[in-house]
Amino acid sequence: MWFPVILNAFMSMFAYFITIRLIPKLKDTFIKANLFGIDMSKKTGDKVPEAIGVVSGCIFLITLFLFIPIPFSQSLFNSNFPHDEFVELIAAMLSICCMLLLGFADDVLDLRWRHKLLLPTIASLPLLMVYHVNVNSTTIIIPKPLREIFGCTVNLGILYYIYMGMLAVFCTNAINILAGINGLEVGQSIVIAVSIMIFNLIELHGEVWKHHQFSLYFMLPYIGTSTALLKYNWYPSRVFVGDTFCYVSGMTFAVVFNFLYSVPQLFHLIPCPRHRLPKYNSRTDKLGISTTVFRYKDLNILEVG
């Protein structure tokens, strides 16, 4: 149980050092390719390389690829090879790879929103198909406060797969809702990943330890590569992570907190300005609260009340 996790941890540390050394060497390459932006939180208008999340994302995937034989080392040469677990691992990597490709395509091509909504659903199909073949359980456990109404469990049937496909669309776009402040996307993603890692480590002694072991295979290299990226994205930011990192990171469920924070603006319960960045004060060299002006007649009944 512990051997593949410990080996994965060592590989994750190695991935951290590779990412730390690789990002500075590729910064100028991105600027020459016209992949750069201007940091609105600084006095200077220097070019900052953008879409650097593809670097940490690629190292993350390469680490996972090299790790593939490790969990199955004892079963490689016998007839008891766990094909179902192997397919789950490969399908998960394929979905992450699709998210990485989509994010970089968005950074380079500035995709339309209809494409952003469609492609994550397609990218989730490998996982959904593997889940259907290996498990095919569409029953969910109801939270305790609602069990008197719905019972302990509810079988969603085909609605479960529709929900999971829609969840992929939501998660891949939700992580960057609060983007715009140096280090925010990467910082919050690391906090989420570390929380999941701690929970997985605690539950390794439980009945479903294999599922938590599987989660650790992804969380550890993700934390390693993201921590290296955070070093350059922390204020004052020397690189921008771009949509590439946000799409890969958005596959965690904890981004729901970002979504809830922005629900009033997303559903136009209050007027939503195009940019919701904090306002930069060049005199104090600090960020402050940004404001927007709107007409009273633009408010809906909830706001007026």
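In case you missed it, the structure is sitting above this.
Within each chain, residues carry numbers counting from 1 in the order of the written sequence. Local features in a predicted model are, by the rule used here, given only for residues with pLDDT of at least 70; side-chain atom pairs are given and counted only at 80 or more, and totals for whole chains, interfaces and linings are based on all residues. Excluded from the side-chain calculations are hydrogens and water; all other atoms, namely the structure's heavy atoms, are used.

Peer 1: I'd like a description of the pattern of salt bridges, backed by residues and values.
Peer 2: Here, a salt bridge means any side-chain nitrogen of Lys or Arg that lies within 4 Å of a carboxyl oxygen of Asp or Glu. Per the counting criterion, the structure on display carries 1 salt bridge. Across the salt bridge formed by K210 and E85, the nearest N and O atoms sit 3.0 Å from each other. Within this pair, whereas K210 is found in helix 9 (residues 209–233), its partner E85 is found in helix 3 (residues 83–109), the two being separated by 125 residues in sequence. Each residue is placed in one exposure class: buried if its accessible area under a 1.4 Å probe, protein chains only, is under 20% of its type's maximum, exposed if it is over 50%, and partly exposed if it falls in between. K210 sits in the partly exposed class, given a relative accessible area of 43%. Under the scheme used here, helices are H or I runs from DSSP no shorter than 4 residues and strands are E runs no shorter than 2 residues, and both carry numbers assigned from the N terminus.

Peer 1: Please give an account of the packing of aromatic side chains that cites residues and values.
Peer 2: Pairing of aromatic rings covers Phe, Tyr and Trp, the last through its six-membered ring, and needs centres within 6.5 Å; plane angles under 30 degrees mean stacked, over 60 mean edge-to-face, and all others mean tilted. One pass over the full model with this rule turns up 9 aromatic pairs. With centroids separated by 5.1 Å and ring planes inclined at 75 degrees, the aromatic side chains of Y16 and F17 adopt a geometry described as edge-to-face. A relative accessible area of 25% places Y16 in the partly exposed class. On the basis of relative accessible area, F17 is assigned to the exposed category, the value being 52%. What links up through ring pairs into an aromatic cluster is the set F60, Y222 and F245.

Peer 1: Quick one: what's the story with the nonpolar core, residue by residue and with numbers?
Peer 2: Here, the term nonpolar core denotes a set of buried Ala, Val, Leu, Ile, Met, Phe, Trp, Tyr and Cys residues that are joined through side-chain atoms within 4.5 Å. Membership of the largest hydrophobic core comes to 49 residues, with the highest contact counts inside it found for I23, F30, I52, F60, V186, F218 and L229. Among the elements of the structure, helix 1 (2–32), helix 2 (53–67), helix 3, helix 8 (184–203), helix 9 and helix 10 (242–249) are those that each provide at least two residues to this core. Of the residues forming this core, the biggest block, 11 residues, is contributed by helix 9. With residues up to four places along the chain from it excluded, the contact list for F30 reads L35, P49, E50, A51, I52, V54, V55 and F104. Here, residues are in contact when the closest pair of their heavy atoms is within 4.5 Å.

Peer 1: Give a description of the packing of helix 3 against helix 10 that names residues and reports values.
Peer 2: Look at helix 3 against helix 10: their axes get within 7 Å of each other, and the N-to-C directions meet at 150 degrees. Comparing their axes, helix 10 and helix 3 come out roughly antiparallel. Helix-helix and strand crossings are classified by hand; for helix 3 and helix 10 the assignment is right-handed. Packed against helix 3, whose contacting residues are I96, M99, L100, L102, G103, F104, D106 and D107, the element helix 10 presents G242, D243, T244, Y247 and V248 at the interface. Basically, the charged four are Asp, Glu, Lys and Arg, the nonpolar ten are Ala, Val, Leu, Ile, Met, Phe, Trp, Tyr, Cys and Pro, and anything else, Gly included, counts as polar. Each residue belonging to the contact of helix 3 with helix 10 can be placed in one class, and the counts come to 7 nonpolar, 3 polar and 3 charged. For helices, the axis comes from a line fit to the C-alpha atoms of the stretch in contact; other axes are also lines fit to C-alpha atoms, and the angle between any two N-to-C directions lies between 0 and 180 degrees. Just so you know how the angles are binned, under 35 degrees is roughly parallel, over 145 roughly antiparallel, 65 to 115 roughly perpendicular, and the rest oblique. A clockwise turn of the near helix away from the far one marks a right-handed crossing, whereas an anticlockwise turn of less than a right angle marks a left-handed crossing.

Peer 1: Please set out a nonpolar patch on the surface residue by residue, giving values where relevant.
Peer 2: A surface patch of nonpolar side chains, about 680 Å² in accessible area, is lined by M1, W2, I6, F10, M13, F17 and L201. If one sorts the elements of the nonpolar patch by residue count, helix 1 sits on top with 5 residues. Mapping L201 onto the fold places it in helix 8. Judged by its relative accessible area of 32%, L201 falls in the partly exposed class. Patch membership requires more than 30% relative accessible area and the absence of a salt bridge. Residues of like charge join within 9 Å; the nonpolar side chains Val, Leu, Ile, Met, Phe, Trp and Tyr join within 5 Å. Here the accessible surface of atoms and residues is derived via Shrake-Rupley with a 1.4 Å probe, and residues count as covered only by protein chains that are part of the display.

So far we have only geometry, and geometry alone does not tell us how the molecule works.
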